[in-house]
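Chain by chain, the residues run as shown.
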Amino acid sequence: MKSKLTAAVAGARGLAGGELLRLLLRHPDVDLVWAGSRSHAGRPVSSVFHDLLGDTSLRFSDAAPPAADVLFLAMPHGAARSWLDTIDTARFPLLVDLSADFRADGADTYAGRAFVYGLPEAGRDTIRSATAIANPGCFATALQLALLPLAQAGLLRGDVHVSATTGSTGAGAGNSDTTHFTWRHANLSAYSAFTHRHVAEVRATLARFQSGRLGDILFVPHRGGFTRGIHAACTLRVDAGQELLETAYHDFYASSPFVFLSGDTVDVKQVANTNKCLLHLTRENDVLLVTSVLDNLVKGAAGQAVQNMNLNRGLDETAGLLLKPSAY
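Here the structure is a predicted model, which is why all the values come from computation and not from measurement.

A. Region of interest: the packing of helix H4 (residues 120–128) against helix H9 (residues 298–312). Their axes nearest at 9 Å, the elements H4 and H9 cross at an angle of 40°. Classified by the interaxial angle, the pair formed by H4 and H9 is oblique. When the axes of H4 and H9 are compared, the crossing they make is right-handed. Where H4 approaches H9, its residues Pro120, Glu121, Arg124, Ile127 and Arg128 are matched on the opposing element by Lys299, Gln304, Gln307, Asn308, Leu311 and Asn312. By residue class, the composition of the contact of H4 with H9 is three nonpolar, four polar and four charged.

B. Summary view of the nonpolar core. Leu150, Leu156 and Leu206 are the most contacted members of the largest nonpolar core, which has 42 residues in total. Of all the secondary structure elements, the ones that give two or more residues to this core are helix H5 (138–152), strand S9 (160–166), helix H7 (198–209), strand S11 (217–223), strand S12 (230–237), helix H8 (242–252), strand S14 (277–284) and strand S15 (287–294). Those residues within four positions of leucine 206 in sequence are excluded, and the remaining contacts are Leu147, Leu148, Ala151, Leu156, Leu214 and Ile217. Counting 37 residues, the second largest nonpolar core, distinct from the first, contains Leu5, Leu58, Leu98 and Leu311.

C. Representation of the pattern of salt bridges within the structure. What the rule picks out here adds up to eleven salt bridges. For lysine 299, the salt bridge identified is with glutamate 121, shortest N-O distance 2.9 Å. Linking lysine 299 in helix H9 with glutamate 121 in helix H4, this pair joins segments that are 178 residues apart in sequence. In this structure glutamate 121 comes out as buried when scored by relative accessible area, which is 7%. Here arginine 228 ties to aspartate 295 by a salt bridge, and the two come within 2.9 Å at their closest N and O atoms. Placement of the pair is arginine 228 in the loop between S11 and S12 and aspartate 295 in the loop between S15 and H9, with a sequence separation of 67 residues. As far as the burial class goes, arginine 228 and aspartate 295 line up, both buried.

D. Spatial organisation of empty space enclosed by the protein. A complete count under the given rule lists one cavity of 30 Å³ or more for this structure. In this model, the largest cavity occupies a volume close to 30 Å³. In terms of lining residues, the largest cavity is bounded by Leu156, Gly158, Val160, Leu206, Leu214, Gly215, Asp216 and Ile217. Partitioned by chemical class, the residues of the lining of the largest cavity number five nonpolar, two polar and one charged.

E. Up close: the state of the cysteines. If you walk through the whole model with that rule in mind, you get zero disulfides. Free of any disulfide, cysteine 138 has its nearest neighbouring cysteine sulfur in cysteine 277, separated by 12 Å. For cysteine 138, a relative accessible area of 15% gives the class buried.

F. Summary view of the packing of H5 against H7. Orientation of H5 relative to H7, taken along the N-to-C sense of each, is 25°, at an axis distance of 9 Å. Overall, the two elements H5 and H7 adopt an arrangement that is roughly parallel. The handedness of the crossing between H5 and H7 comes out as right-handed. Contacts between H5 and H7 involve Cys138, Phe139, Ala140, Leu143, Gln144, Leu147, Leu148, Ala151 and Gln152 from the former and His198, Glu201, Val202, Thr205, Leu206 and Phe209 from the latter. Residue composition of the contact of H5 with H7, by class: ten nonpolar, four polar and one charged.

G. Highlighting the environment of glutamate 121. Each C-alpha atom, one on glutamate 121 and one on leucine 206, is 12 Å from the other, the two residues being 85 residues apart in sequence. One polar contact links glutamate 121 to lysine 299, side chain to side chain, over a distance of 2.9 Å.

What counts, and where the lines are drawn
- Residues numbered from 1 in each chain as written.
- Predicted model: local features only at pLDDT ≥ 70, side-chain atom pairs only at ≥ 80, totals over all residues.
- Heavy atoms only, no water.
- Axes fitted to C-alpha atoms, helices over the stretch in contact; angles between N-to-C directions.
- Helix = DSSP H or I, 4+ residues; strand = E, 2+ residues; numbered from the N terminus.
- Parallel < 35°, antiparallel > 145°, perpendicular 65-115°, else oblique.
- Left-handed = near helix turned anticlockwise from the far one by under 90°.
- Contact = heavy atoms within 4.5 Å.
- Nonpolar A, V, L, I, M, F, W, Y, C, P; charged D, E, K, R; others polar.
- Core = buried A, V, L, I, M, F, W, Y, C linked by side-chain atoms within 4.5 Å.
- Buried < 20%, exposed > 50% of the residue type's maximum accessible area, 1.4 Å probe, protein only.
- Salt bridge = Lys/Arg side-chain N within 4 Å of Asp/Glu carboxyl O.
- 1 Å grid on protein atoms, 1.4 Å probe; cavity = no way out; pocket = protein on both sides within 12 Å on 5 of 7 lines; lining within 4 Å.
- Points joined across faces, edges and corners; volume = space filled by probe spheres on them.
- Disulfide = S-S within 2.5 Å.
- Polar contact = N/O pair within 3.5 Å; in protein donor to acceptor, adjacent residues only side chain to side chain.

See below:
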């Protein structure tokens, strides 16, 4: 019998960390051996994530993690590098970081390892040979998957206007004025207009696929009054017909098991709790609207991290990720 991979999760108390625990505990090819948390050390994992009662006897730990095939870093932005300094990273053949700390796509290194950018649809071969992977941001994933086929076809010549809304889990597990229920419920607000950190990684990926100048990406993110999911509406002018556009998307994602072009409009409930990204094209004269929906905690974070692990460790890309959506 083939032995299972061993996996450890640092920062396991956070929302993305908790989602990683859920996915890894149910992964057919993985044994979860460690869940790191300083603030909850010694407590049963199921006492914090109550839905895991009966699924695991694992306890949170603030000790150094045991050697494992894969170490996931689900820590706040800015914390991963300093924490890695406290452990022996040679004991982990693969590092997967979910924060923004190593997203410079090969330019960022740690202990001689180059972190490659982990968007599977844009670089499976690079991911397969990596020893360290920087998971993309959630908004960045939604925008890149919406626009990559257009970049491949050389059609991103003008500006792209993006309005995207994320659920409250996009802000993490901490409390703030804009995350508590009484503020978030039945409310909508914009933030970080045109300056969001994910724009740089979107542009870097698109530039690898389109030669020549890219137009600007004018991105306005919004906070939505729901828990999980991202709905991104990308508008631009294109010099191409509907049939050519649909062919470009179908061809680009033909070998991608989680990205699908829909003939109907798409919504967040279709993808909540799944690793899917659904896309829809609407064209009026020369104006194209690309709608992209995904779950910010799964395809936008923990699910994509597991997908990257699957690719890197030679597993079926979909292993542990064929999940049921919250359809209603």
